[in-house]
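Remarks on the overall topology
Listed here are the chains, written in short residue letters.
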Amino acid sequence: ALYCTELTARALAAGGDPKRVRVFASPGIGMNRPPRFPDDYAQLEAAVRETRPALVVIAPLPAFFPADQFALSRALLPFTDLADETGACVLLVRH
């Protein structure tokens, strides 16, 4: 998967350990499509609870969330609870 190769290269360039980078889901990795939230939230929550990451990055935000502003606000609410309950920092990136 090209995406994983790119993440590995970026982790190395930043002085990180690529063995600590996990991809929750992407075409060819766990799903045949990118995840959509809120529909796939339960799967992400289970993965976060299982792997206990310090940082969860979701990028780019528009690719995974509804475009409607009200629906987006509702879809984001569970991520606050996820951060509070697990101690993980949840970073949502909008390019």
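Residues numbered from 1 in each chain as written. Predicted model: local features only at pLDDT ≥ 70, side-chain atom pairs only at ≥ 80, totals over all residues. Heavy atoms only, no water.

**Describing the overall build of the protein**
Formally: Numbering of helices and strands runs from the N terminus; a helix is a DSSP stretch of H or I covering at least four residues, while a strand is a stretch of E covering at least two. Exposure categories follow from relative accessible area, calculated using a 1.4 Å probe and restricted to protein chains: below 20% of the type maximum is buried, above 50% is exposed, and the middle band is partly exposed. Throughout, a contact is declared for two residues whenever any of their heavy atoms are within 4.5 Å. The method behind every accessible area is Shrake-Rupley, applied with a 1.4 Å probe, and residues are considered shielded solely by the protein chains displayed.
If you tally the helices and strands in the protein, you get 4 helices and 4 strands. In the protein, the succession of helices and strands from N to C terminus is α-β-β-α-β-α-α-β. Expressed as a percentage of its 95 residues, the buried residues of the protein come to 24%. Expressed as a percentage of contacts within the protein between residues at least 6 apart in sequence, the contacts between residues at least 24 apart total 54%. In the structure as shown, the protein presents an accessible area of about 6,500 Å², 56% of it carried by carbon and sulfur atoms.

**Some remarks on the nonpolar core**
Put simply, the rule is: In this text, buried Ala, Val, Leu, Ile, Met, Phe, Trp, Tyr and Cys residues form a nonpolar core when linked through side-chain atoms within 4.5 Å.
Core analysis: the biggest nonpolar cluster contains 14 residues, and Phe37, Leu44, Ile58, Phe65 and Phe79 have the highest contact counts within it. Take this core: its biggest share by element is 4 residues, from helix α4 (residues 69-86). If we skip the residues at most four places from it in the chain, Leu44 touches Phe24, Phe37, Ile58 and Phe79.

**Some remarks on the packing of aromatic side chains**
Inclusion rule: Here a pair means two rings of Phe, Tyr or Trp (six-membered ring of Trp) with centres within 6.5 Å. Their orientation is stacked below 30 degrees between planes, edge-to-face above 60, and tilted elsewhere.
Using the criterion set out here, one finds 4 aromatic pairs in the structure. With a centroid separation of 5.3 Å and 90° between ring planes, the pair formed by Phe37 and Phe79 is classed as edge-to-face. Taken as a pair, Phe37 in the loop between β2 (30-31) and α2 (41-51) and Phe79 in helix α4 lie far apart in primary sequence, 42 residues in all. We note that Phe37, like Phe79, is buried. Here the aromatic residues Phe37, Tyr41, Phe65 and Phe79 are joined through ring pairs into a cluster of three or more.

**Digging into the side chain of Thr86**
Which entries qualify depends on this criterion: Whenever two N or O atoms come within 3.5 Å, that pair is a polar contact, provided that in protein one can donate a hydrogen and the other can accept it, and provided that, for residues adjacent in sequence, both atoms are side-chain atoms.
Turning to its location among the elements, Thr86 is positioned in helix α4. From its side chain, Thr86 meets the backbone oxygen of Leu82 in a polar contact 2.7 Å long. Residue contacts for Thr86: discarding those within four places in its chain leaves Val48, Arg49 and Arg52.

**Notes on unusual backbone geometry**
The phi torsion of most residues other than glycine is negative, and most of the peptide bonds are trans. Of note, the bond from Phe37 into Pro38 is cis; its omega dihedral lies within 30 degrees of zero at 20°. Each neighbour pair has its own omega, and for Ala59 with Pro60 the value is -10°, a cis peptide bond. By secondary structure assignment, the location of Pro60 is in the loop between β3 (55-58) and α3 (61-64).

**Some words on the confidence of the model for the protein**
Using the following cut-off: A residue's pLDDT is the confidence the predictor assigns to it, expressed on a 0 to 100 scale.
Averaged over the protein, the pLDDT score is 85; the fraction of residues at 70 or greater is 88%. Per-element confidence in the protein is highest for α4, whose mean pLDDT is 93, and lowest for strand β1 (residues 26-27), whose mean pLDDT is 60.

**Considering the pattern of salt bridges**
For side chains of opposite charge, pairing can occur when their charged atoms come near one another. Inclusion rule: Salt bridges are counted wherever a side-chain nitrogen of Lys or Arg sits within 4 Å of a carboxyl oxygen of Asp or Glu.
Under the definition given, this model contains 2 salt bridges. Glu45 is the salt-bridge partner of Arg49, the closest N and O atoms lying 3.1 Å from each other. On the criterion of helical spacing, the pair formed by Arg49 and Glu45 is a turn pair, its members being 4 residues apart in helix α2. Judged by its relative accessible area of 35%, Arg49 is partly exposed. Each of Glu45, Arg49 and Glu85 takes part in salt bridges that share partners, so that together they form one network.

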